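# Residue-level structure breakdown
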Amino acid sequence: MKEKNLHSKNKFNKGYDFDALIKINSKLKTFVSKNQFDVITIDFSNPEAVKELNKALLFSYDKITTWDFPKENLCPPIPGRLDYIHYLADLISTEKDVKILDIGTGATCIYPLLGVAEYNWSFIASDIDFASLDTAQDIIDDNNLGTKIELRKQADENNILKGILKDEDSFSAVMCNPPFFKSAEEAQGANKRKNKNLGNNTVRNFSGNNNELWYIGGEKAFLHNYLFESSLYKKKSTWFTSLVSKKENIVSLEKSSTKLGAIEFKVIPMTQGNKVTRIACWRF
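An account of the accompanying structure is given in this report. What you see is a predicted model; the values in this text were computed from it and never measured.

### Let's talk about the sheet that holds strand E9 (residues 275-283)
The seven strands lie next to each other as E5-E4-E3-E6-E7-E9-E8, forming an open sheet whose pairing is mixed. Each having just a single partner strand, strand E5 (149-153) and strand E8 (264-272) make up the two edges of the open sheet. In this sheet, adjacent strand axes meet at a mean angle of 20 degrees when their direction is disregarded. By the bridge criterion, four bridges tie strand E3 (residues 99-103) to strand E6 (residues 171-176) in an arrangement that is parallel. Following the sheet pairing, Ile103 is matched in E6 by Cys176. The strands touched by helix H5 (residues 130-142) are strand E4 (122-127) and E5; relative to E5, the strand with the most contacts, the crossing angle is about 170 degrees. In this fold helix H9 (residues 248-259) packs onto strand E7 (237-244), E8 and E9, with an angle of close to 160 degrees to the strand it touches most, E8.

Written out as structure tokens, the structure reads:
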């Protein structure tokens, strides 16, 4: 099954070789079968199958040999996450000794892992949740990546950059995959609709990982808070970037960036299959 429209440098843009992936992660074998169209695949409505597939994809990198996290945490789709890394690499192609700040890294620590595996970048990664940071630190330690990835706790959930940045910090780019729901109820409803579309009646309990999914005011409020805080730390990073799932949020973000003194604002489109998203990028 070919992944459509992934970045040209994405190692998974030609689809999945399940025989090879099973050799990398033998647990995947249980979940691989032919579907009604006689195509070898997995049931993407099964969280365990999705997790084992993404483990296999991640373990295809020599630098990553272990990756585990609680069921309550979201399992990130590796090809899509890798696309953000590649587009960021294009954006900062002239930078040397690249250091990235990952806002809201989550329990999986996925962007730092991929950034180190693909480009040997260094990372500072933040989160507001102690349990997520503990899990992420275990992943870092188990893969011997302590010299490449440093975790920081955001003590105030109202802040994004404040309280994380230190005087000596200097980054090539800041990256972020923001929560896009306004409340736990909205997230729960979206999950119910998604599972119905996948033919799965299971309703997932999001209580353990609210910060991954929702933020008061939703994606728009988060992005504007992030943009404002970036204007307070203009010299801390060459670029500030974020995924933006709702294209209608781009217009107001660009207008606000101009008012706050940004000298450049650009949007990088990303397409994975039927899913269309974008990266907003600005600099001062």
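Having seen the model, we can carry on.
### Here we look at the environment of Thr135
Turning to its location among the elements, Thr135 is positioned in helix H5. With relative accessibility at 15%, the residue Thr135 sits in the buried group. In this structure, Thr135 is in contact with Asp68, Phe69, Pro70 and Ala107, ignoring residues within four places of it in sequence.

### Things to note about the nonpolar core
In terms of nonpolar packing, the biggest core is built from 57 residues, with Leu28, Ile42, Leu58, Trp67, Ile100, Trp121 and Ile149 touching the most fellow members. Element by element, the count of residues in this core is highest for helix H3 (residues 78-91), at eight residues. If we ignore the near neighbours within four places in the chain, the residues touching Leu28 are Phe18, Leu21, Ile22, Ile42, Ala49, Glu52, Leu53 and Ala56. With 22 residues, the next largest nonpolar core counts Ile160, Ile164, Cys176 and Tyr226 among its residues.

### Some points on the pattern of salt bridges
The tally for this structure, following the rule as stated, stands at six salt bridges. Across the pair Lys51 and Asp68 runs a salt bridge, and its minimum N-O distance is 3.1 Å. Taken together, the positions of Lys51 in helix H2 (residues 47-59) and Asp68 in the loop between H2 and H3 put the pair 17 residues apart, joining distant regions of the chain. Between Arg152 and Asp169 there is a salt bridge; the shortest N-O distance is 2.7 Å. Placement of Arg152 in strand E5 and of Asp169 in the loop between E5 and E6 is noted, with a sequence separation of 17 residues between them. Asp169 matches Arg152 in its accessibility class, with the two residues each being buried.

### Examining a negative patch on the surface
On the surface, Asp134, Asp138, Asp141 and Asp142 cluster together into a patch of negative charge. Within the fold, Asp142 resides in helix H5. Given a relative accessible area of 49%, Asp142 falls into the partly exposed group.

Thresholds, definitions, all that
Residues numbered from 1 in each chain as written. Predicted model: local features only at pLDDT ≥ 70, side-chain atom pairs only at ≥ 80, totals over all residues. Heavy atoms only, no water. Pairing = 2+ DSSP bridges. Helix = DSSP H or I, 4+ residues; strand = E, 2+ residues; numbered from the N terminus. Axes fitted to C-alpha atoms, helices over the stretch in contact; angles between N-to-C directions. Contact = heavy atoms within 4.5 Å. Buried < 20%, exposed > 50% of the residue type's maximum accessible area, 1.4 Å probe, protein only. Core = buried A, V, L, I, M, F, W, Y, C linked by side-chain atoms within 4.5 Å. Salt bridge = Lys/Arg side-chain N within 4 Å of Asp/Glu carboxyl O. Patch = residues over 30% accessible without salt bridge, like charges linked within 9 Å, V, L, I, M, F, W, Y side chains within 5 Å. Areas by Shrake-Rupley, 256 points an atom, 1.4 Å probe, with all protein chains shown as cover. Lys, Arg positive; Asp, Glu negative; His and termini not counted. Charge placed at Lys NZ, Arg CZ, Asp CG, Glu CD.

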